[in-house]
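# What the coordinates show
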Amino acid sequence: MHRITADRPHPLHDCAATRALENQAQRSLPAHALMQRAAHACARLARALAPHAQRMWLACGGGNNGGDGLLAAALLHQAGLDVTVTWLGTPETSPPDALHSWHAAQDAGVCFADAPPPLGTQDLCVDALLGIGLRTGSTHSPDARLLDCLHALHASHATLLNVDLPSGLVADTGHYAPGFEALAATDPTTAGTHQQRRHTLALLTLKSGLFTAHGRDAAGGVWYDDLGVDAATHPPQAWLAGAPAPSARAHASHKGSFGDVAVIGGEGLAACGMGMTGAAVLAASAALHAGAGRVMVALLDGGATAALPQQPALMLRRFDALELAHATVVCGCGGGAAVATVLAQVLQQAGRLVLDADALNTIAADTALRAQLAARSSRAGCATALTPHPLEAARLLGTSSAAVQADRLSAANQLAQQLGCAVVLKGSGSVVAAPGRLAHINPTGNARLASAGTGDVLAGLLGARLAAQPRADLDGAFAAASAACWQHGALADAWPAHQALTADRLAQAITP
Ligand SMILES: NC(=O)C1=CN([C@@H]2O[C@H](COP(=O)(O)OP(=O)(O)OC[C@H]3O[C@@H](n4cnc5c(N)ncnc54)[C@H](OP(=O)(O)O)[C@@H]3O)[C@@H](O)[C@H]2O)[C@@H](O)CC1
Ligand SMILES: Nc1ncnc2c1ncn2[C@@H]1O[C@H](COP(=O)(O)OP(=O)(O)O)[C@@H](O)[C@H]1O
Ligand SMILES: [K+]
């Protein structure tokens, strides 16, 4: 068993692969062996997380997730802890492994009760209500006892250990199933402390849903025990991204060695009464700090800005003075309606291209531009990355942002497939997808990034990473996108608690 950290990549499996793995392992192992391993891991982690616990409450469902909890309760009781179990199953309907665990708990003398015992902050509660057996159809709504237990677990001040999955969370998506949506509502005043005292022990496989959508809030710290079974025998659904390799600069290099980045965006105040030049400048600043050799900015403000005195290293250019084929183009940040006037030319001439914000909105509403974007995938020397947030992704897919959020991996994969690009679907657990590749889920970042302009910073950083790729192709775009997301999030994770995280400071904190 080990704790999952963001530094190295991890394969993520879906329910179907986990079931196949479980069935295969069950056939080669003695009866109940897998559940015994699961329960031992669970009990060990429970004791490690709450070494001073006087009481433990284990809420156990009627399936095998509950079986893990029941057997862990027996082990914890045998270790001398004051253990109470609430079991929602019945011996008549229990699957064989869980029934065996129920007998073990009874034989050990574990206390069974309908209500939780009083728990203090040093105590521990265990959510063993639902795991991968969660059914999501509208006919399967949680009953009152199950919801009562869940609310008691979430309201408790004790450390919470989720067995395999937080109950109600869909393993493959990180979205809550119908009937469990209320669990997604977090009280911002207590979210931080809840996060710190929450842990999930993933069994057999790591599930994608733990790392995206509501998954990160629900899961807290993620631990993993493979139960002695090699998950590598089954193909993963996606990868949890690891830290990008550090970049090294040869001594004999010059500013041309690291690529030019040209940022196009920043509609002026005069156009619609909304000055958005800051967005383009943020992206450019991010590209510069990320190590791009030269960074140019073409503002779509009709020449209203003649200089950027705060950012002397950025080179102002008129759009028609840019050499689109030679620079890595970052287009759309604060682009407003004005971006529509340049997009056809950008899609035609740019080799390495990052499209963000209004560039994406404009393409979503224009079938000719969309076709032009998709056609880039068959042109040599083109590497394209899109950085939509969920609403922008929904516009491109012709759906709602709720539908995108309900299955972020699918949405990102679909978009990548349709447009032949690398796609970063932003938000908690950003998904990086590209056609024919397993998506990456980004493990870094936090809600401090939910602040205006941080997306522009990501686009600029991605531009710099794309400019430094050895080849302008889909692999380069995918690698650059994954690396940029990881670094962007890691900066936020390391941000001093007492200092405001603003987009301009974030851009300045980027290192090559
Ligand atoms: N077998 C083994 O050795 C191993 C198993 N392992 C463990 O088993 C877990 C999988 O166990 P599982 O397949 O029994 O499913 P599980 O997650 O307990 O859920 C089924 C229960 O939930 C209920 N239920 C479902 N949907 C619902 C809803 N929407 N709302 C309300 N209730 C709902 C469903 O009720 P029913 O539909 O049957 O009425 C049934 O009672 C896995 O996550 C891991 O922890 C590991 O230790 C590895 C070894
Ligand atoms: N809760 C969160 N957890 C992790 N990352 C987040 C969260 N909220 C926002 N972000 C990140 O912050 C950035 C915001 O981008 P975007 O929505 O385009 O904002 P803006 O348009 O203001 O720049 C994205 O990289 C996104 O992934
Ligand atoms: K659970």
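Residues numbered from 1 in each chain as written. Chains lettered and ligands numbered in written order. Predicted model: local features only at pLDDT ≥ 70, side-chain atom pairs only at ≥ 80, totals over all residues. Heavy atoms only, no water.

You'll find the protein entered in an unreviewed UniProt entry as Bifunctional NAD(P)H-hydrate repair enzyme, with Comamonas faecalis given as the organism. Of the comments in the UniProt record for the protein, the one headed Subunit (unreviewed entry) reads "Homotetramer." (UniProt positions renumbered as here; feature names shortened; annotations may be inferred.)

Moving on, we get to the coordination of the potassium ion (ligand 3). Every protein donor of the potassium ion (ligand 3) is accounted for by Asn65 (OD1), Asp127 (O), Leu130 (O), Val163 (O) and Leu165 (O), and the metal-donor separations fall at 2.6 to 2.9 Å. The motif formed by the donor residues of the potassium ion (ligand 3), counted along the single chain, is N-x61-D-x2-L-x32-V-x1-L. Here the residue Asp127 occupies a position in strand E6 (residues 124-128), and Leu165 occupies one in the loop between strand E7 (159-163) and helix H6 (191-196), the gap between them amounting to 38 residues. Taking the relative accessible area as the measure of exposure, Asp127 reaches 1% and is therefore buried. For Leu165, a relative accessible area of 0% translates into the label buried. (Donors = N, O, S within 2.8 Å, 3.2 Å for Na, K, Ca; no water. Helix = DSSP H or I, 4+ residues; strand = E, 2+ residues; numbered from the N terminus. Buried < 20%, exposed > 50% of the residue type's maximum accessible area, 1.4 Å probe, protein only.)

Right, let's get into the UniProt feature "binding site: AMP" (unreviewed entry) in the protein. Under the feature "binding site: AMP" (unreviewed entry), the UniProt entry names Lys426, Gly427, Ser428, Gly429, Ser430 and Gly455. A maximum C-alpha distance of 14.1 Å among these annotated residues, which run over 30 residues, shows that they cluster at one spot. Residue position: Ser430 is located in the loop between strand E17 (422-425) and strand E18 (431-433). Since its relative accessible area comes to 10%, Ser430 is described here as buried. Apart from residues no more than four positions distant in its own chain, Ser430 is found in contact with Arg408, Val424, Leu425, His440, Ile441, Asn442 and Cys485. (Contact = heavy atoms within 4.5 Å.)

Turning to the domain arrangement of the protein, a few remarks are in order. When cut into domains, the protein gives domain 1 (2-237) and domain 2 (259-509). With centres defined by C-alpha atoms, the gap from domain 1 to domain 2 works out at 39 Å. Between domain 1 and domain 2, the contact holds 13 residues from the first and 14 residues from the second. Interface area, domain 1 with domain 2, both sides summed: about 1100 Å², of which 56% is carbon and sulfur. Three residues stand out in domain 1 for area buried against domain 2, namely Ala6, Thr212 and Arg216, and they jointly supply 42% of the buried area on that side. Inspection of the domain 1/domain 2 interface yields 0 salt bridges. Applying the counting rule to domain 1 against domain 2 returns 7 residue pairs in polar contact (both at pLDDT 80 or more). A class-by-class count of the residues in the side of domain 1 that touches domain 2 yields 5 nonpolar, 5 polar and 3 charged. (Domains from an automatic or database assignment. Buried area = accessible area lost by both parts, 1.4 Å probe. Salt bridge = Lys/Arg side-chain N within 4 Å of Asp/Glu carboxyl O. Polar contact = N/O pair within 3.5 Å; in protein donor to acceptor, adjacent residues only side chain to side chain. Nonpolar A, V, L, I, M, F, W, Y, C, P; charged D, E, K, R; others polar.)

What follows concerns the site of ligand 1. The environment of ligand 1 is made up of 26 residues, and the closest members are Arg19, Asp68, Gly131, Arg135 and Asp164. Between a nitrogen atom of ligand 1 and a side-chain N or O atom of Glu22, the distance comes to 3.1 Å. One of the side-chain N or O atoms of Asn65 is found 2.8 Å from an oxygen atom in ligand 1. Taking 930 Å² as the accessible area of ligand 1 by itself, protein coverage stands at 82%. (Near = heavy atom within 4 Å. Areas by Shrake-Rupley, 256 points an atom, 1.4 Å probe, with all protein chains shown as cover.)

With mixed pairing, the 11 strands of this open sheet are ordered in space as E2-E10-E19-E18-E17-E16-E15-E14-E11-E12-E13. Lying at the two open borders of the sheet, with one neighbouring strand each, are strand E2 (10-12) and strand E13 (315-316). (Pairing = 2+ DSSP bridges.)

Attention shifts here to the nonpolar core. Membership of the largest hydrophobic core comes to 100 residues, with the highest contact counts inside it found for Leu58, Ile264, Cys331, Val346 and Leu355. No other element matches helix H2 (residues 33-49), which puts 10 residues into this core. Residue-level mapping places this core at the junction of two domains, with at least three residues from each of domain 1 (2-237) and domain 2 (259-509). For Leu355, the contacting residues outside a window of four places in its chain are Cys331, Leu343, Leu347, Leu360, Ile363, Leu373, Thr384, Ala385, Leu386 and Thr387. Listed in part, the 49 residues of the second largest apolar core include Val297, Val424, Leu449 and Trp495. (Core = buried A, V, L, I, M, F, W, Y, C linked by side-chain atoms within 4.5 Å.)

Attention shifts here to the sheet that holds strand E5 (residues 111-112). On the basis of which strands lie adjacent, the open sheet formed by 8 strands has the order E1-E9-E8-E7-E6-E3-E4-E5 and mixed pairing. The open sheet terminates on both sides in strands that have one partner only, identified here as strand E1 (2-3) and E5. Seen against the sheet, helix H5 (residues 144-155) touches strand E3 (55-60), strand E4 (82-87), E6, E7 and strand E8 (198-203) and runs at an angle of roughly 145 degrees to E3. (Axes fitted to C-alpha atoms, helices over the stretch in contact; angles between N-to-C directions.)

The next thing to look at is the site of ligand 2. Around ligand 2 sit 18 residues, and of these Lys426, Gly427, Gly453, Thr454 and Gly455 come closest. One nitrogen or oxygen atom from the main chain of Asn446 is found 3.4 Å from a nitrogen atom belonging to ligand 2. Bound to the protein, ligand 2 loses 77% of the 570 Å² it would expose on its own. No other element matches helix H16 (residues 454-467), which puts 4 residues into the shell around ligand 2. Its residues assigned to classes, the shell around ligand 2 comprises 5 nonpolar, 11 polar and 2 charged.

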